[in-house]
2 protein chains.
Amino acid sequence: MASPTETGIGTPQPNGEAPVGVDPMLSTLTGESSVRGPGRIAFIGAGSIGRPMAERLIDCGRDLIVCDPSPTVRAHFADLGCPTTDMPGNCVDAGIVIFMVANDAQLKSAATGPSGLIPAIDPSSAPILLIMSTVLPETVLEVAAEAASRQAHTIDAPVSGGSLKARNGTLSIMASGEPADIDAVRPVLDQLASVTFECGILGNGQKTKILNNLVGVANLFLFAETMHVAQLLGMDLQRLADVMEQSSGRNNGTKDWTARKGLFRWNSEDLAAVRSVVDVTRKDLHHALMLAERAGAATPLLRALVQGHDETPYTDVLMRWRALASEVGGTGGRSGATISNEHKGSCDDDRVP
Amino acid sequence: MASPTETGIGTPQPNGEAPVGVDPMLSTLTGESSVRGPGRIAFIGAGSIGRPMAERLIDCGRDLIVCDPSPTVRAHFADLGCPTTDMPGNCVDAGIVIFMVANDAQLKSAATGPSGLIPAIDPSSAPILLIMSTVLPETVLEVAAEAASRQAHTIDAPVSGGSLKARNGTLSIMASGEPADIDAVRPVLDQLASVTFECGILGNGQKTKILNNLVGVANLFLFAETMHVAQLLGMDLQRLADVMEQSSGRNNGTKDWTARKGLFRWNSEDLAAVRSVVDVTRKDLHHALMLAERAGAATPLLRALVQGHDETPYTDVLMRWRALASEVGGTGGRSGATISNEHKGSCDDDRVP
């Protein structure tokens with residue numbers, strides 16, 4: 001069972017366990033002493049995405065301490081020879097502290113709560129805080145202000161990509177903060193991600209992720225609805241995706257229809273999988289609407305989308321995605337349909353064998 | 001003033017003139033006789049997109065007859081040395097008859113009405129009907145059935161792209177019908193478009209365009225809302241577009257942010273320009289919803305979008321697009337922001353100088 005940490009596409013829902021760092025009475029610290037100095041990385045929140053990220057860092061030879069409220073998760077990392085704790089304050093001696101908890105409340109608790117990291121920091125040897133959870137930008141700024149009072153610097157670096165990319169170190173990271181701080185953690189970021197976007201001042205990483213996900217979530221579900229209609233009409237879906245890829249309907253799903261069908265399959269294996277994706281993407285859209293409202297922006301289509309997505313039954317998504325995942329080709333197409341004229345190559349090159 | 005024919009992005013709204021072919025009493029035929037045989041092309045509906053398409057064909061040396069209810073439009077083409085008429089039935093002796101009228105009702109009137117084309121066809125020398133308007137697939141099938149009763153074949157070939165692409169012959173065409181018929185008109189299609197997608201059986205061209213536009217319209221307006229929020233937050237919009245281009249937010253607007261700003265500028269010059277785009281895209285979304293309903297597909301996000309787009313005030317769109325068009329760079333970014341790790345090139349290559 002996953003701990004209540006960052007969820008992602010293809011992963012089960014957070015369960016109901018207590019958030020990290022709430023009750024210092026429960027504190028346990030196993031394995032080696034946490035006092036290991038700047039070479040150590042603390043990983044707070046080893047849930048559905050955090051766990052494979054932490055495993056990846058262990059694979060890369062990193063000296064890790066893992067903090068998670070789930071005994072199962074801690075036992076797993078103990079088996080990997082890794083010290084574990086359920087109290088963020090025990091992570092204070094690492095050089096870098098990664099936060100990969102599920103939401104704003106858990107981040108505040110783990111960072112600034114009574115058994116949290118920041119109250120335990122010694123200003124003469126403060127770690128760098130690396131916030132990789134997806135939270136509101138103002139939460140990052142609040143935590144950073146607390147950290148600064150103890151001479152600790154903060155970087156904002158939310159990730160994109162599912163558990164498989166987390167495990168393989170091929171995530172995308174949207175990092176922001178002081179350039180020198182980003183440079184200091186870059187070797188770690190490079191082990192977790194195949195691309196790190198530098199997004200400017202602290203908080204911009206979250207803003208970039210939220211705004212990207214606004215469009216990304218809309219397209220994920222809207223493109224599925226589109227292909228569902230086409231499927232019922234008996235159209236050749238690969239062909240339609242190829243045309244859209246070169247037209248105004250271009251989106252992240254038209255780049256590789258076979259891969260997109262795989263994503264639909266992976267995320268519709270059971271209702272829990274669908275619920276996980278729908279819930280995390282509802283959170284994404286609500287974050288976007290909050291950001292828009294606080295910026296004073298009118299966003300009527302986003303507002304309509306938020307409501308539409310909130311009201312879409314999980315079973316509807318399950319049905320559509322499963323039908324698309326099992327698609328083996330339409331009937332309405334001309335056999336070996338082609339594109340005439342000089343742009344021919346640019347379409348066929350995108351087709352996946 | 002444009003005639004009530006196919007509208008497109010960047011073009012004024014259709015005015016209130018009577019639809020093509022309604023009143024045979026008004027029939028006029030100027031210039032040479034229309035009896036010129038299969039080399040001649042008839043062009044019915046020379047409105048905001050049709051007019052530059054017809055001009056393009058004249059530039060290419062085509063022998064054209066132009067049919068439009070607007071005396072101004074007819075005078076324009078007469079000045080270009082082109083025979084004109086306001087009665088589709090007068091186009092019967094052309095080898096190819098292009099329909100570029102504004103909507104389903106105008107198409108039915110021009111094709112099957114009392115002064116329409118089909119009743120005037122001599123089955124022994126029937127033209128090919130080339131429907132380039134955006135209409136419902138069933139309207140294409142209805143017209144094609146009527147045409148077939150006079151031995152005339154029909155091709156469905158709606159276009160994408162604005163008036164500039166129409167004038168330059170760089171539209172995209174989504175063609176469907178019998179392969180031999182498409183082959184017969186291919187030289188004409190190639191003069192109008194830089195790419196022609198062959199979409200299968202008759203009606204699939206319209207289905208493909210409607211489904212593409214579903215996603216395309218959503219992204220056009222949603223991406224503008226997204227960038228509007230980013231602009232109010234003081235972010236670097238070029239940078240954000242670059243990140244989204246490589247992430248789940250990838251869409252047709254992230255491919256080239258400078259070009260997208262140009263599109264926003266072009267379409268927000270005055271309220272009439274905005275109204276034209278909003279109206280034609282509302283029609284697109286309603287077409288998509290009709291197609292979904294007739295296919296028996298549940299499309300909750302599309303339904304929410306239709307309502308949200310219908311209710312968005314023109315002035316809201318005007319304000320947002322103008323603000324984006326005048327954007328000269330954000331303040332929140334690290335100067336010369338970069339992408340680290342091996343994927344660097346693929347982002348910077350997309351940046352427009």
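What this report covers is the structure whose coordinates are included nearby. Model, not experiment: these values are computed from the prediction.

**A short note on the side chain of Glu55 of chain B**
Inference 1: Relative to the helices and strands, Glu55 of chain B resides in helix α1 (residues 50-59).
Inference 2: Residues contacting Glu55 of chain B, with those up to four places away along its chain left out, are His76, Phe77, Leu80 and Arg167 of chain B.

**Concerning the interface of chain A and chain B**
Inference 1: The interface of chain A with chain B comprises 77 residues on the first partner and 76 residues on the second.
Inference 2: For the pair chain A and chain B, the two sides together bury roughly 6,700 Å², of which 61% comes from carbon and sulfur.
Inference 3: The tally of links between chain A and chain B comes to 2 salt bridges.
Inference 4: The closest approach of N and O atoms between Glu245 of chain B and Arg250 of chain A, which form a salt bridge, is 2.6 Å.
Inference 5: The interface formed by chain A and chain B includes 17 residue pairs in polar contact (both at pLDDT 80 or more).
Inference 6: Those elements that provide at least two residues to the side of chain A that touches chain B are α6 (179-192), β10 (193-198), α7 (204-232), α8 (237-245), α10 (271-295), α11 (300-311), α12 (314-325) and β11 (339-340) of chain A.
Inference 7: The greatest single-element share of the side of chain A that touches chain B, amounting to 20 residues, is contributed by α7 of chain A.
Inference 8: Taken together, the residues of the side of chain A that touches chain B break down into 34 nonpolar, 29 polar and 14 charged.

**What to know about helix α7 (residues 204-232) of chain B**
Residues and elements named next belong to chain B.
Inference 1: Look at α7: 42 Å from first C-alpha to last across 29 residues, which is about the 42 Å you get at 1.5 Å a residue.
Inference 2: Of all the bends in α7, the greatest, near 25 degrees, is centred on Asn213.
Inference 3: Across the 29 residues of α7, 27 count as buried, placing the element largely inside the fold.
Inference 4: Positive phi appears at Gly234, one or two residues downstream of α7, with a value of about 75 degrees.

**Points about the nonpolar core**
Inference 1: By size, the foremost hydrophobic cluster in this structure holds 82 residues, and its most contacted members are Phe221 and Leu302 of chain A together with Phe221 and Leu302 of chain B.
Inference 2: The residues touching Leu302 of chain A, leaving out its near neighbours within four places in the chain, are Leu214, Leu285, Ala288, Leu289 and Ala292 of chain A together with Leu222 and Glu225 of chain B.

Reading the values: the criteria
Residues numbered from 1 in each chain as written. Chains lettered and ligands numbered in written order. Predicted model: local features only at pLDDT ≥ 70, side-chain atom pairs only at ≥ 80, totals over all residues. Heavy atoms only, no water. Helix = DSSP H or I, 4+ residues; strand = E, 2+ residues; numbered from the N terminus. Contact = heavy atoms within 4.5 Å. Buried area = accessible area lost by both parts, 1.4 Å probe. Salt bridge = Lys/Arg side-chain N within 4 Å of Asp/Glu carboxyl O. Polar contact = N/O pair within 3.5 Å; in protein donor to acceptor, adjacent residues only side chain to side chain. Nonpolar A, V, L, I, M, F, W, Y, C, P; charged D, E, K, R; others polar. Expected span 1.5 Å × (residues − 1). Bend = angle between axes of the 7 residues up to and from the residue. Buried < 20%, exposed > 50% of the residue type's maximum accessible area, 1.4 Å probe, protein only. Core = buried A, V, L, I, M, F, W, Y, C linked by side-chain atoms within 4.5 Å.

None of this, on its own, says anything about what the molecule does.
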